[in-house]
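Examining the three-dimensional arrangement
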Amino acid sequence: MAQNTCCTAGEQQIMLLSCSGGSNVGQLANQAAVELTQEGYGKMFCLAGIGGRLSGFVQSARDVPTMVAIDGCQVGCAKAILEQAEVPVKHYLVLTDEGIEKNKNFDLDRTEVERIKAAVKRVVSEKTAAA
(Lines give C-alpha, C1' and ligand atoms only; values in the text may rest on other atoms or scores of the structure.)
Protein backbone atom coordinates (compact mmCIF):
# COMPACT_ATOMS: atom_id res chain seq x y z
CA MET A 1 0.00 0.00 0.00
CA ALA A 2 2.19 2.82 -1.25
CA GLN A 3 -0.43 5.55 -1.41
CA ASN A 4 -0.36 8.49 1.02
CA THR A 5 -2.28 7.92 4.23
CA CYS A 6 -5.36 6.20 2.80
CA CYS A 7 -6.37 2.99 1.21
CA THR A 8 -8.37 2.81 -1.96
CA ALA A 9 -11.82 1.74 -3.01
CA GLY A 10 -11.12 1.18 -6.65
CA GLU A 11 -8.72 4.01 -7.48
CA GLN A 12 -10.27 6.43 -5.00
CA GLN A 13 -8.56 7.26 -1.70
CA ILE A 14 -11.08 7.38 1.14
CA MET A 15 -10.34 8.70 4.63
CA LEU A 16 -12.75 7.51 7.34
CA LEU A 17 -13.16 9.79 10.37
CA SER A 18 -15.54 8.41 12.95
CA CYS A 19 -17.09 9.44 16.20
CA SER A 20 -16.22 7.02 18.97
CA GLY A 21 -18.39 8.58 21.65
CA GLY A 22 -19.89 7.14 24.81
CA SER A 23 -23.08 5.72 23.32
CA ASN A 24 -24.11 2.91 21.03
CA VAL A 25 -24.11 5.18 17.97
CA GLY A 26 -20.60 6.45 18.67
CA GLN A 27 -19.35 2.91 19.00
CA LEU A 28 -21.29 1.82 15.89
CA ALA A 29 -19.63 4.62 13.90
CA ASN A 30 -16.23 3.49 15.15
CA GLN A 31 -16.89 -0.21 14.48
CA ALA A 32 -18.13 0.48 10.96
CA ALA A 33 -14.98 2.51 10.21
CA VAL A 34 -12.77 -0.26 11.61
CA GLU A 35 -14.48 -2.92 9.51
CA LEU A 36 -14.49 -0.81 6.34
CA THR A 37 -10.74 -0.32 6.81
CA GLN A 38 -10.23 -4.06 7.32
CA GLU A 39 -12.23 -4.72 4.15
CA GLY A 40 -10.09 -2.30 2.13
CA TYR A 41 -12.78 0.35 1.71
CA GLY A 42 -10.78 3.37 2.76
CA LYS A 43 -8.71 3.83 5.87
CA MET A 44 -9.66 4.95 9.32
CA PHE A 45 -7.74 8.05 10.34
CA CYS A 46 -7.10 9.75 13.67
CA LEU A 47 -9.83 12.29 14.39
CA ALA A 48 -8.12 13.11 17.70
CA GLY A 49 -4.97 14.18 15.85
CA ILE A 50 -7.05 16.60 13.79
CA GLY A 51 -8.81 17.81 16.94
CA GLY A 52 -5.42 18.39 18.53
CA ARG A 53 -4.53 20.39 15.43
CA LEU A 54 -1.42 18.37 14.79
CA SER A 55 -0.21 19.80 11.51
CA GLY A 56 0.45 16.53 9.68
CA PHE A 57 -2.97 15.15 10.57
CA VAL A 58 -4.76 18.36 9.58
CA GLN A 59 -2.88 18.63 6.29
CA SER A 60 -3.57 14.99 5.41
CA ALA A 61 -7.29 15.55 6.03
CA ARG A 62 -7.27 18.66 3.85
CA ASP A 63 -5.42 16.91 1.03
CA VAL A 64 -7.23 13.59 0.80
CA PRO A 65 -9.51 13.34 -2.26
CA THR A 66 -12.39 11.65 -0.44
CA MET A 67 -13.20 11.80 3.25
CA VAL A 68 -16.23 10.63 5.19
CA ALA A 69 -17.01 12.05 8.62
CA ILE A 70 -19.24 9.64 10.54
CA ASP A 71 -21.06 11.06 13.55
CA GLY A 72 -23.17 8.99 15.88
CA CYS A 73 -25.74 11.68 16.62
CA GLN A 74 -26.79 15.25 15.92
CA VAL A 75 -24.32 16.63 18.47
CA GLY A 76 -21.87 16.33 15.56
CA CYS A 77 -18.53 16.06 17.34
CA ALA A 78 -16.63 14.76 14.28
CA LYS A 79 -18.02 17.53 12.10
CA ALA A 80 -17.22 20.17 14.75
CA ILE A 81 -13.63 18.92 15.02
CA LEU A 82 -13.17 19.22 11.27
CA GLU A 83 -14.74 22.68 11.16
CA GLN A 84 -12.56 23.92 14.05
CA ALA A 85 -9.46 22.65 12.22
CA GLU A 86 -10.68 24.31 9.01
CA VAL A 87 -10.89 20.97 7.21
CA PRO A 88 -13.68 20.83 4.62
CA VAL A 89 -16.33 18.22 5.39
CA LYS A 90 -16.57 16.36 2.10
CA HIS A 91 -19.00 13.52 2.91
CA TYR A 92 -21.04 13.34 6.09
CA LEU A 93 -23.17 10.71 7.79
CA VAL A 94 -25.10 10.87 11.06
CA LEU A 95 -26.19 7.48 12.40
CA THR A 96 -29.33 8.75 14.15
CA ASP A 97 -30.42 10.17 10.75
CA GLU A 98 -30.21 6.58 9.50
CA GLY A 99 -32.89 5.56 12.00
CA ILE A 100 -30.64 4.16 14.73
CA GLU A 101 -31.73 5.25 18.18
CA LYS A 102 -29.04 6.56 20.52
CA ASN A 103 -28.73 4.69 23.83
CA LYS A 104 -26.13 3.32 26.24
CA ASN A 105 -26.30 -0.30 25.06
CA PHE A 106 -22.80 -1.28 23.98
CA ASP A 107 -23.82 -4.72 22.72
CA LEU A 108 -23.55 -3.69 19.09
CA ASP A 109 -26.06 -5.20 16.68
CA ARG A 110 -24.40 -6.80 13.61
CA THR A 111 -27.24 -5.70 11.35
CA GLU A 112 -26.75 -2.09 12.44
CA VAL A 113 -22.99 -2.27 11.79
CA GLU A 114 -23.68 -3.62 8.29
CA ARG A 115 -26.32 -0.93 7.74
CA ILE A 116 -23.85 1.81 8.63
CA LYS A 117 -21.14 0.36 6.40
CA ALA A 118 -23.62 0.37 3.51
CA ALA A 119 -24.66 3.94 4.37
CA VAL A 120 -21.03 5.14 4.27
CA LYS A 121 -20.63 3.63 0.80
CA ARG A 122 -23.95 5.17 -0.29
CA VAL A 123 -22.94 8.66 0.90
CA VAL A 124 -19.64 8.46 -0.98
CA SER A 125 -21.23 7.17 -4.19
CA GLU A 126 -24.10 9.72 -4.10
CA LYS A 127 -21.75 12.69 -3.66
CA THR A 128 -19.26 11.32 -6.18
CA ALA A 129 -21.99 10.79 -8.79
CA ALA A 130 -23.31 14.33 -8.21
CA ALA A 131 -19.87 15.91 -8.70
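Residues numbered from 1 in each chain as written. Predicted model: local features only at pLDDT ≥ 70, side-chain atom pairs only at ≥ 80, totals over all residues. Heavy atoms only, no water.

**A few points about the overall build of the protein chain**
Stated formally: Numbered from the N terminus, helices here are DSSP runs of H or I no shorter than four residues, and strands are runs of E no shorter than two. A simple rule labels every residue: compare its accessible area, found with a 1.4 Å probe on the protein chains alone, to the largest value its type can have, and call it buried under 20%, exposed over 50%, or partly exposed in between. The contact definition used throughout considers only heavy atoms, calling two residues in contact when any of these lie within 4.5 Å.
Regarding its fold elements, the protein chain presents 5 helices and 5 strands. Walking the protein chain from its N terminus toward its C terminus, one meets helices and strands in the order β-β-α-β-α-α-β-α-β-α. Of all 131 residues assigned to the protein chain, the portion counted as buried reaches 42%. Taking as baseline every contact in the protein chain between residues at least 6 positions apart, the subset at least 24 positions apart corresponds to 66%.

**A closer look at the pattern of salt bridges**
Cut-off, in case you're wondering: Salt bridges are defined as contacts in which a side-chain nitrogen from Lys or Arg sits within 4 Å of a carboxyl oxygen from Asp or Glu.
Evaluated as defined, the whole model comprises 7 salt bridges. Note that glutamate 35 and lysine 117 form a salt bridge whose closest N and O atoms lie 3.0 Å from each other. Taken together, the positions of glutamate 35 in helix H1 (residues 24–38) and lysine 117 in helix H5 (residues 110–130) put the pair 82 residues apart, joining distant regions of the chain. Relative accessible area serves as the criterion here: at 5%, lysine 117 is assigned to the buried category. Salt-bridge contacts for arginine 122 lead to glutamate 126; the nearest nitrogen and oxygen are separated by 3.5 Å. Placement of both arginine 122 and glutamate 126 in helix H5 is noted, with a separation of 4 residues, approximately one turn of the helix. Among the ionic contacts, a cluster of salt bridges with common partners joins Glu35, Glu39, Arg110, Glu114 and Lys117.

**Here's the deal with the state of the cysteines**
Note the following rule: In what follows, a disulfide is any cysteine sulfur pair within 2.5 Å.
Considering all chains together, one arrives at 0 disulfides under this definition. With no disulfide partner, cysteine 73 has as its closest neighbouring cysteine sulfur the one in cysteine 77, 6.4 Å distant.

**Points about the side chain of asparagine 24**
Here is the rule we go by: Nitrogen and oxygen atoms within 3.5 Å of one another constitute a polar contact, given that in protein one can donate a hydrogen and the other can accept it, and given that sequence-neighbouring residues count only through two side-chain atoms.
Structurally, asparagine 24 can be placed in helix H1. A distance of 2.5 Å separates the side chain of asparagine 24 from the backbone nitrogen of asparagine 103, its partner in a polar contact. Filtering out sequence-adjacent residues up to four positions away, asparagine 24 remains in contact with Ile100, Glu101, Lys102, Asn103, Asn105, Phe106 and Leu108.

**Things to note about the environment of leucine 36**
The residue leucine 36 is located in helix H1 in this model. Along the chain, leucine 36 and lysine 117 lie 81 residues apart, while their C-alpha atoms are 6.8 Å from each other. Excluding its chain neighbours within four sequence positions, the residues that come into contact with leucine 36 are Leu16, Tyr41, Gly42, Lys117, Val120 and Lys121.

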